[in-house]
Amino acid sequence: MKTKIAVIGCTHAGTAAITNMARLYPEAEITVFERNDNISFLSCGIALHVGGVVKNAQELFYASPQQLAELGVTTLMRHDVLNVDAAAKTIEARNLTTGEQTTHSYDKLVVTTGSWPIIPGMDGINLENVVLCKNYNHAQTIIEKAKTANRITVIGAGYIGVELVEAFEMLGKEVTLIDNMDRVLYKYLDKEITDVTEQALVERGVQLALGQMVTSFVGDEHGKVTTVLTTAGQYETDLVVLCVGFRPNTELLKGQIDMLPNGAILVDDYMRTSNPDIFAAGDSCAVHYNPTGDHAYIPLATNAVRMGTLVARNLMEPTIKYLGTQGTSGIKIYDYNIAATGMTETAALEAGMNVKKVTIVDNYRLEFMPTYEAVTLKVVYEAETGRIIGAQLFSKVDMTQSINTLSVCIQKGMTMDELSFVDFFFQPHYNKPWNLLNQAGLQAV
Ligand SMILES: Cc1cc2nc3c(=O)[nH]c(=O)nc-3n(C[C@H](O)[C@H](O)[C@H](O)COP(=O)(O)OP(=O)(O)OC[C@H]3O[C@@H](n4cnc5c(N)ncnc54)[C@H](O)[C@@H]3O)c2cc1C
């Protein structure tokens, strides 16, 4: 008998799971339920699309229901899954086009329902021109509304907020960035690096309104937002984009499988949930965070595609183990290339860890070369053991791959002693005889 596989959600985790399962299990009957009218949208391109760098929105998709059909997969678009009965192994879905409601049975269920932006409950949140930034439809709304908005307020100074601020500023808008923390990119970078990032934003005329909480929005007689009120002031605005974080989209499975308190599904090394026939991947899940060894909620496309692929590999029997994550990420703001992996010093101290750090500022290659640029590298490590737990890098020249190298070091539990003497190449075009990473290790020991 054919194995019936049901998949809920078809963005990065879903698409990775589905395309791999179709190849690995050609005999299986795979049915995908997606409430949206598109699949595989690359949200990471929203700011580039808003800023006009990516002109054609179709380039932000890499799969279609037709392509999945060619692999033998049935994709039910605009089908919202309303209920999962894990005991009966059935799901109930509504066709959002016809309103028809149907029940489907499964042998294996793959939950790739992802995440949804956190929407704080406050006065005025439903006013027109207070918008979210997650999917293709949001991107189109932002672009359309930004055409007539001169003053734009972005709430949330994480990666998404900061990227949008840059895009709006480059379009010539008056931009305000509000965050309750006193620095931008607080979760990802320490102050040495966020200071320079903030300076770059301020030099371009971005108004930073940090260390204050938004309390409400005020609208005009047409119900359109005009003012953002915060604990420290008020900001006139034509458009507000909310980017204050994400929560896992897992209500369907609540009480049926184990989750973190925030609703992130707990999976084992093989992407199995606490129910042996239900697998999960991507933003709907917690990840294993190697720097602490604990579960964490780090919604990233990188985790989603890896976990989705592992679902496919492990669906019939446990085969390939998940390696966990360091939450490695990167961002380009104006001329600056920035990347980070693992814990910041701030995060480690907040977690009560005893850590030390090394910060190196050096030119990336020898000064006899016609040009060279400064690079800032910070590495954070455990004081007692020297185990590397995090790193951040900032430079005008693109050195971000060094952070991927340090991600491997963290994953492998390496110490600063070991980092000092790792074999890296030297060539005057690219670096110095002592690679920056070796230098960090040497300085620590
Ligand atoms: C603006 C922005 C920029 C980003 N930039 C980066 C970046 O540069 N690098 C990076 O690594 N990550 C980035 N991310 C994060 C990345 O987009 C997410 O981690 C990724 O989309 C997660 O994929 P997913 O498939 O797990 O979930 P999602 O993308 O959330 O997809 C879940 C899917 O499930 C569907 N669904 C949910 N519930 C149901 C239901 N009940 N019935 C039917 N369908 C359902 C949804 O419609 C959706 O299509 C960015 C995110 C945003 C918003």
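Reading guide: rules and limits
Once a new chain begins, its residue numbering starts again from 1 and follows that chain's sequence as written. Where totals are concerned, whole chains, interfaces and linings use all residues; where local detail is concerned, this predicted model gives features only for residues with pLDDT of at least 70, and gives and counts side-chain atom pairs only at 80 or more. Note: side-chain values were computed over all heavy atoms of the structure, leaving out hydrogens and water. What counts as a helix is a DSSP run of H or I of at least four residues, what counts as a strand is a run of E of at least two, and both are numbered from the N terminus. Exposure classes here rest on a 1.4 Å probe applied to the protein chains alone. A residue is buried below 20% of its type maximum, exposed above 50%, and partly exposed in between. Two residue types count as positive, namely Lys and Arg, and two as negative, namely Asp and Glu; His and chain ends fall outside the count. Here, a salt bridge means any side-chain nitrogen of Lys or Arg that lies within 4 Å of a carboxyl oxygen of Asp or Glu. Pairs of residues are marked as contacts when any of their non-hydrogen atoms sit within 4.5 Å. Should DSSP find at least two bridges between two strands, the strands are taken to pair. With axes taken as lines fitted to C-alpha atoms, and helix axes fitted only over the stretch in contact, angles between N-to-C directions fall between 0 and 180 degrees. Note: domain ranges come from an automatic or database domain assignment. Throughout, the protein atoms alone are placed on a 1 Å grid, and a set of points is a cavity if a 1.4 Å probe fits but cannot get out or a pocket if it is open with protein on both sides within 12 Å along at least five of seven lines; lining residues have an atom within 4 Å of a point. Grid points are joined across faces, edges and corners, and a volume is the space filled by probe spheres set on the points. Residue polarity follows a fixed list, in which Ala, Val, Leu, Ile, Met, Phe, Trp, Tyr, Cys and Pro are nonpolar, Asp, Glu, Lys and Arg are charged, and the others, Gly among them, are polar. Angles below 35 degrees are treated as roughly parallel, those above 145 as roughly antiparallel, those between 65 and 115 as roughly perpendicular, and all remaining angles as oblique. In a left-handed crossing the near helix is turned counterclockwise from the far helix by less than a right angle, and in a right-handed crossing that turn is clockwise. Two rings belonging to Phe, Tyr or Trp (six-membered ring only in the last case) form a pair when the distance between their centres is within 6.5 Å. Interplanar angles under 30 degrees mark stacking, angles over 60 mark edge-to-face geometry, and anything in between is tilted.

> When you look at the side chain of Glu-198 in this model, what are you seeing that I'm missing?
Looking at where Glu-198 falls in the secondary structure, it is placed in helix H6 (residues 191-203). There is no salt bridge for the buried Glu-198, and the closest opposite charge comes from Arg-183, which lies 6.3 Å off by N-O distance. Discounting chain neighbours no more than four positions away, the residues touching Glu-198 are Asp-182, Arg-183, Val-184, Leu-208 and Leu-210.

> Would you take a moment to explain the sheet that holds strand E25 (residues 388-395) for this structure?
Sheet strands line up and pair through hydrogen bonds in the backbone, either parallel or antiparallel. Spatial strand order, E21-E22-E25-E24-E23: five strands in an open sheet with antiparallel pairing. With one partner strand each, in any of the chains shown, strand E21 (329-333) and strand E23 (355-363) form the two edges of the open sheet. Between one strand axis and the next, the sheet turns by 10 degrees as a mean value, whatever way the strands run. Across six bridges, strand E22 (residues 336-342) lies against E25 in antiparallel orientation. Within E25, the residue paired with Ala-340 across the bridge is Gln-392. In this fold H6 packs onto E21, E22, E23, strand E24 (374-382) and E25, with an angle of close to 30 degrees to the strand it touches most, E25. Sitting on the sheet, helix H11 (residues 436-444) is in contact with E23 and E24, with an inclination near 135 degrees to E23.

> I keep staring at the domain arrangement of the chain and nothing clicks. Help me out?
Buried accessible area, meaning the area lost when the parts come together, often serves as the stated size of an interface. In terms of domain boundaries, the chain breaks down into domain 1 (4-36 + 43-115 + 247-314), domain 2 (119-244) and domain 3 (335-444). Between domain 2 and domain 3, the C-alpha centre-to-centre distance is 32 Å. Between domain 2 and domain 3, the contact holds twelve residues from the first and 14 residues from the second. Inspection of the region where domain 2 meets domain 3 yields two salt bridges.

> Got a minute to help me understand empty space enclosed by the protein in this structure?
With a probe scaled to a water molecule rolled over the atoms, the places where space remains empty come into view. A complete count under the given rule lists one cavity of 30 Å³ or more for this structure. Considered as a void within the structure, the largest cavity measures approximately 30 Å³ in volume. Forming the boundary of the largest cavity are Gly-282, Asp-283, Cys-285, Val-287, Ile-298, Pro-299, Leu-300, Asn-303, Ala-304 and Met-307. It is helix H7 (residues 301-314) that provides the largest number of residues to the lining of the largest cavity, a total of three residues. When grouped by side-chain class, the residues that make up the lining of the largest cavity number seven nonpolar, two polar and one charged.

> Explain the packing of helix H1 (residues 12-24) against H7 here, please?
How two helices pack is summed up by the angle between their axes together with the distance between the axes. Following both chains from N to C, one finds H1 and H7 inclined at 25 degrees, their axes separated by 7 Å at the closest point. Classed by the angle they form, the pair H1 and H7 counts as roughly parallel. Here H1 runs over H7; the crossing is right-handed. Residues His-12, Ala-13, Ala-16, Ala-17, Asn-20, Met-21 and Leu-24 of H1 pack against Ala-301, Ala-304, Val-305, Gly-308, Thr-309, Val-311, Ala-312 and Arg-313 of H7. Taken together, the residues of the contact of H1 with H7 break down into ten nonpolar, four polar and one charged.

> Quick question: what am I supposed to make of the sheet that holds strand E18 (residues 278-280) here?
One open sheet holds the five strands; their spatial order is E3-E2-E1-E7-E18, and the pairing between them is parallel. For this open sheet the edge positions go to strand E3 (74-77) and E18, each flanked by a neighbour on one side alone. Neighbour-to-neighbour, the strand axes of the sheet open up by a mean angle of 20 degrees, direction not taken into account. Where strand E7 (residues 108-111) meets E18, three bridges bridge the pair, whose relative direction is parallel. Looking at E18, one finds that Val-111 is bridged to Ala-280. This element, H1, spans strand E1 (4-8), strand E2 (29-34) and E7 of the sheet and lies at about 165 degrees to E2.

> I tried to follow the packing of aromatic side chains on my own but got confused; where do I start?
Each aromatic ring pair is characterised by the separation of its centres together with the angle its planes make. Evaluated as defined, the whole model comprises seven aromatic pairs. Between Phe-41 and Phe-61, the ring centres sit 5.3 Å apart and the planes meet at 50 degrees, which makes this aromatic pair tilted. Here Phe-41 is found in the loop between E2 and helix H2 (46-50), whereas its partner Phe-61 is found in the loop between H2 and helix H3 (65-70), with 20 residues between them in sequence. Each member of the pair, Phe-41 as well as Phe-61, carries the same accessibility label: buried. With centroids separated by 4.2 Å and ring planes inclined at 75 degrees, the aromatic side chains of Tyr-159 and Tyr-188 adopt a geometry described as edge-to-face. Of this pair, Tyr-159 sits in helix H5 (residues 159-170) while Tyr-188 sits in the loop between strand E11 (174-179) and H6; the two residues are 29 residues apart in sequence, bridging distant segments of the chain. Look at Tyr-188 and you get partly exposed, because its relative accessible area is 26%.

> Hey, could you run me through the pattern of salt bridges in this one?
Pairs may arise between side chains of opposite charge once their charged atoms sit close together. Counting across every chain of the model gives 17 salt bridges. In this structure, Asp-238 and Arg-151 form a salt bridge, with 2.8 Å as the shortest nitrogen-oxygen distance. Of the two residues, Asp-238 is situated in the loop between strand E15 (234-236) and strand E16 (239-242) and Arg-151 in strand E10 (residues 151-155); the sequence distance between them amounts to 87 residues. Of the charged contacts, one joins Lys-321 and Asp-269 as a salt bridge, the two residues approaching to 3.7 Å between their closest N and O atoms. Within this pair, whereas Lys-321 is found in the loop between H7 and E21, its partner Asp-269 is found in the loop between strand E17 (246-248) and E18, the two being separated by 52 residues in sequence. Three or more residues joined by partner-sharing salt bridges are found here, namely Asp-190, Glu-192, Glu-345, Lys-357 and Lys-378.

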